[in-house]
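Residues per chain are reported as follows:
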Amino acid sequence: MDAFATLPPEWTNKAIHANEFCCPNCHSSSREAEKVWLNRRSPVLTEDRRRKWQEFYYCHCGSVWWAWSSDRPPKDISNQPDYNPT
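First things first, this report covers the structure right here in the doc. (Residues numbered from 1 in each chain as written. Predicted model: local features only at pLDDT ≥ 70, side-chain atom pairs only at ≥ 80, totals over all residues. Heavy atoms only, no water.)

A word on the side chain of Ser69
We count it as follows: Helix and strand definitions follow DSSP, with helices as H or I runs of at least four residues and strands as E runs of at least two, each counted in order from the N terminus. Between two residues, a contact is recorded if the distance between any of their heavy atoms is within 4.5 Å.
The residue Ser69 is located in the segment after strand 4 (64-68) in this model. Among all residues touching Ser69, those that are not within four sequence positions of it are Lys52, Trp53 and Glu55.

Section: the packing of aromatic side chains
Convention followed: Stacked, tilted and edge-to-face pairs are distinguished by plane angle, under 30 degrees for stacked and over 60 for edge-to-face with tilted covering the rest, among Phe, Tyr and Trp rings (Trp via its six-membered ring) whose centres lie within 6.5 Å. Whether a charge lies above a ring is judged from NZ of Lys or CZ of Arg, which has to be within 6 Å of the ring centre and within 35 degrees of the ring normal.
Evaluated as defined, the whole model comprises seven aromatic pairs. Between Trp37 and Phe56 the ring centres are 5.5 Å apart and the planes differ by 40 degrees, which places this aromatic pair in the tilted class. Of this pair, Trp37 sits in strand 2 (residues 35-45) while Phe56 sits in strand 3 (residues 51-58), and the two are 19 residues apart along the sequence. Among the aromatic residues, those joined into a cluster by ring pairs are Trp37, Phe56, Trp66 and Trp68. Above the ring of Tyr58, the side-chain terminus of Lys35 is found at 5.0 Å from the ring centroid. When the ring centre of Trp53 is taken as origin, the NZ or CZ atom of Arg40, which lies over that ring, is 4.2 Å away.

Notes on the side chain of Glu55
To keep things clear, this is the line we draw: Polar contact is defined as a pair of N or O atoms within 3.5 Å, subject to the rule that within protein one atom must be able to donate a hydrogen and the other to accept it, and that residues adjacent in sequence are counted only when both atoms are side-chain atoms.
In this structure, Glu55 sits in strand 3. A distance of 2.3 Å separates polar atoms of two side chains, one belonging to Glu55 and the other to Tyr57.

Quick notes on the environment of Phe21
Relative to the assigned elements, Phe21 resides in the loop between strand 1 (16-17) and strand 2. Along the backbone, Phe21 and Arg72 are 51 residues apart, and their C-alpha atoms lie at a distance of 6.0 Å. If near-sequence neighbours (up to four positions away) are discounted, Phe21 is found in contact with Ser30, Glu55, Tyr57, Trp65, Ala67, Trp68, Asp71, Arg72 and Pro73.

Next up, the structure:
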């Protein structure tokens, strides 16, 4: 599965918009998704002229959801197991 494929995979047709940046069914994070596709062909411009795009996720629970890239929460790097500050 190529997350940057130019054509959307068939499974994205049944996606629902998630109000929070997680699976609306089981609340799993985007990192737990089995498949990912980014709709980079149709970016939307925000009021401050930044681009955002749709991110589609096929969750391990079988739900398919999407959210705007701008809705992605900031990554908390301190909680990552490979975080080694110098």
